[in-house]
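Per-entry structural report
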Amino acid sequence: MAQPTRAQAWDLVCEWIESDSLRKHVLGVEAAMRAYARRDGEDEEMWAITGLVHDLDYERYPDPETGHPRHALAELERLDYPQEVIDAVAGHADYLDVPRTTRLAKTLYAVDELSGFVAACALVRPTGIEGMTPKSVRKKLKQPSFAAKVDREQIRRGIEELGVDENEHIALVIEALSEHADELGLTPADSAG
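Reading the values: the criteria
- Sequence order sets the numbering: in each chain, residues are counted from 1 along the sequence as written.
- It should be noted that, the model being predicted, local features are given only for residues of pLDDT at least 70 and side-chain atom pairs only at 80 or more, the latter also being counted only at that level, while totals for whole chains, interfaces and linings use all residues.
- Hydrogens and water molecules were not included; the side-chain quantities draw on all heavy atoms of the structure.
- For each residue, the accessible area found with a 1.4 Å probe, counting protein chains only, is set against the maximum for its type, and the residue is called buried under 20%, exposed over 50%, and partly exposed in between.
- Each helix is a run of DSSP H or I of at least 4 residues and each strand a run of E of at least 2, with the numbering of both proceeding from the N terminus.
- What the arc describes is the spread of directions from the helix axis to the C-beta atoms.
- Any two residues having at least one pair of non-hydrogen atoms within 4.5 Å are treated as being in contact.
- A 3.5 Å cut-off defines polar contacts: any pair of N or O atoms within that distance qualifies, except that in protein one atom must be a possible hydrogen donor and the other a possible acceptor, and neighbouring residues in sequence count only when both atoms are side-chain atoms.
- Here a Phe, Tyr or Trp ring, Trp counted by its six-membered ring, pairs with any other such ring whose centre lies within 6.5 Å, and the pair is stacked when the planes are under 30 degrees apart, edge-to-face when over 60, and tilted otherwise.
- A ring has a charge above it when a Lys NZ or an Arg CZ is no more than 6 Å from the ring centre and no more than 35 degrees off the ring normal.

With that settled, consider helix α8 (residues 152–162). Every buried residue of α8 is listed here: Arg152, Gln154, Ile155, Gly158, Ile159 and Leu162. Buried residues along α8 cover an arc of 160° about the axis, so they all sit on one side. For α8, the secondary structure elements touched by its buried residues are α2 (20–40), α6 (103–123), α7 (134–141) and α9 (166–178). At the N-terminal boundary of α8, the capping side chain belongs to aspartate 151, with an oxygen 3.0 Å from the backbone nitrogen of glutamate 153. Looking one or two places after α8, you find glycine 163, whose phi comes out positive at around 70°.

Rendered as structure tokens:
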């Protein structure tokens with residue numbers, strides 16, 4: 001198969017993921033991946049598709065010992081997805097010990113947890129994601145009780161591996177998610193109340 005289209009990847013997501021919140025998460029990661037691809041002159045469609053499919057099997061097989069992302073990897077291989085996409089999806093799960101050697105893999109790793117964290121921050125703000133700053137996100141990152149399941153160490157490692165400035169990275173993710181605030185449920189009407 002030639003590189004899958006965004007529509008094909010979205011159909012696959014809809015086949016595997018029923019949860020609205022998980023669909024919003026992969027859409028948020030897609031937005032951040034697109035933003036990085038545009039900024040860095042990379043293949044925007046391939047990067048977007050990688051963001052969409054990275055958590056394909058998480059809802060059905062969340063167990064890190066036997067499940068996620070192994071079933072997604074098998075499905076992507078069966079569908080003849082590009083090896084670079086498959087390797088990036090494998091690399092976003094630290095426990096698989098797959099090295100992140102490409103810019104694509106490093107970017108997916110760097111935006112995955114942070115995209116979810118930025119969305120969580122937006123949901124507790126009266127203005128949603130509108131007007132959010134890197135400083136406010138960094139402040140929330142220092143509060144272990146806020147979005148406690150988010151792996152702060154992964155966010156730190158992702159920024160370090162990607163070799164980007166923390167403020168610029170957070171700003172890029174905020175901007176990417178802001179462009180899709182309605183779709184992601186991050187507008188003032190959706191948040192905080």
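Right, let's get into the packing of aromatic side chains. Summed over the entire model, instances satisfying the criterion amount to 1 aromatic pair. Their ring planes at 90° and their centres at 5.5 Å tell us that phenylalanine 117 and phenylalanine 146 sit as a pair that is edge-to-face. Within this pair, whereas phenylalanine 117 is found in helix α6, its partner phenylalanine 146 is found in the loop between α7 and α8, the two being separated by 29 residues in sequence. As far as burial versus exposure is concerned, phenylalanine 117 and phenylalanine 146 are alike and both buried. Directly above the ring of tryptophan 16 sits arginine 60, whose terminal nitrogen or CZ lies 4.3 Å from the centroid. The cationic tip of arginine 100 hangs over the ring face of tyrosine 109; the distance from NZ or CZ to the ring centre is 3.5 Å.

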